[in-house]
Each structure stands twice: as C-alpha cells, then as structure tokens.
Amino acid sequence: MEFDPDKRKLLSALSHGSIFFSSVVVSVAVPIAILFVSEDPVVKDNAKEAINFHLNVWIYEAILGVLAFLTLGLAAFFLGPIFFLYHWVPPIFAIIQSLGNPTQPYRYPFIFHFI
C-alpha cells in the first residue's frame, strides 16, 4: 500500500511538534489522535515515539520538581537549563528528520519506551 509522503511528513512533524503547543496534558492529545486516525505505519510509529517523549518529559519534570522542593530550588537552578534543552532540542531534531526522511520513523535517544 502506498502512502502520501506529504501527509506522512505533516502528521509526523505534527506529532513531534505537539510538545511545543504547551506543557500541559492537552498537548499529548495530538499524537494520540494521530495514532488512532492514521493508517500509515511510519506516522503511527512517530506518534508512539512522541507520546513516549511526552511521558518522559512529565516524569523528569516531576523528579526535578521534587528535587527543587527538597533542595530549596538549588536543583532547579542547576538542572533547569539541562532539562530545558532536553525538552526543546530533541523534538526539533525529530521534526527535521521527519521532514527530511519521511520513510523512517524517528527514535528519541535516552528515553524510556512505555508504548
């Protein structure tokens, strides 16, 4: 079965870019909806990977929040910039890869895969 490459690029980039919509739970609804609506296996893999990235970001946010509370903000001061880069840079690479090579799903490095 042949899939539309432009649609594949758009839906894959939208899945990975959903992390930029907001930091609330609503942003994960985009890749979840794409996962259930699309029949394209590459788009489905990209949506699953984006969902896993969301889950990892939330876990790391919770850990950073607890550490910041326990250290009176020192952990957030030192680890905050690292987390900021982790939260923003990998999705940018994922979007670029999804647009540049639409036949290959993107895999985030250093994340746990729950789905």
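Details of the structure are given in the entry above.
To start, this report covers the structure provided alongside it. What you are looking at is a predicted structure, and each value in this text was computed from that prediction instead of being measured.

1. Details of the environment of Phe83
Step number 1: Within the element layout of this structure, Phe83 appears in helix 4 (residues 74–100).
Step number 2: For Phe83, a relative accessible area of 16% corresponds to the buried category.
Step number 3: For the pair formed by Phe83 and Glu61, sequence separation is 22 residues and the distance between their alpha carbons is 8.1 Å.
Step number 4: In this structure, Phe83 is in contact with Val57, Tyr60, Glu61 and Leu64, ignoring residues within four places of it in sequence.

2. Overview of the side chain of Asp40
Step number 1: Tracing the backbone shows Asp40 in the loop between helix 2 (29–37) and helix 3 (41–70).
Step number 2: At 2.7 Å, the side chain of Asp40 and the side chain of Arg8 are in polar contact.
Step number 3: What Asp40 contacts, discounting residues up to four positions off in sequence, is Phe3 and Arg8.

3. Considerations on the pattern of salt bridges
Step number 1: Summed over all chains, the structure comprises two salt bridges.
Step number 2: A salt bridge links Asp40 to Arg8; its shortest N-O distance comes to 2.7 Å. You can see Asp40 sitting in the loop between helix 2 and helix 3 and its partner Arg8 sitting in helix 1 (residues 5–17), a full 32 residues away along the chain. Of the two residues, Asp40 and Arg8, neither departs from the other in class, the shared state being buried.
Step number 3: One salt bridge connects Glu49 with Arg107, and the closest N-O pair in it is separated by 3.3 Å. Taken as a pair, Glu49 in helix 3 and Arg107 in the segment after helix 4 lie far apart in primary sequence, 58 residues in all.
Step number 4: Overall, the relative accessible area of 2% leaves Glu49 in the buried class.

4. Quick look at the packing of helix 1 against helix 4
Step number 1: Running from N to C, helix 1 and helix 4 cross one another at 175°; their axes reach a closest spacing of 9 Å. When the axis of helix 1 is compared with that of helix 4, the two are roughly antiparallel. Contacts from Lys9, Ser12, Ala13, His16 and Gly17 of helix 1 reach helix 4 at Pro91, Ala94, Ile95, Ser98 and Leu99.
Step number 2: Residues that form the contact of helix 1 with helix 4 fall into these classes: five nonpolar, four polar and one charged.

5. Topic: the environment of Ala68
Step number 1: Mapped onto the elements, Ala68 comes out in helix 3.
Step number 2: By relative accessible area, Ala68 is classed as buried at 16%.
Step number 3: Counting along the chain gives 22 residues from Ala68 to Pro90, while the straight-line C-alpha distance between them is 24 Å.

Reading the values: rules and limits
- Residues numbered from 1 in each chain as written.
- Predicted model: local features only at pLDDT ≥ 70, side-chain atom pairs only at ≥ 80, totals over all residues.
- Heavy atoms only, no water.
- Helix = DSSP H or I, 4+ residues; strand = E, 2+ residues; numbered from the N terminus.
- Buried < 20%, exposed > 50% of the residue type's maximum accessible area, 1.4 Å probe, protein only.
- Contact = heavy atoms within 4.5 Å.
- Polar contact = N/O pair within 3.5 Å; in protein donor to acceptor, adjacent residues only side chain to side chain.
- Salt bridge = Lys/Arg side-chain N within 4 Å of Asp/Glu carboxyl O.
- Axes fitted to C-alpha atoms, helices over the stretch in contact; angles between N-to-C directions.
- Parallel < 35°, antiparallel > 145°, perpendicular 65-115°, else oblique.
- Nonpolar A, V, L, I, M, F, W, Y, C, P; charged D, E, K, R; others polar.

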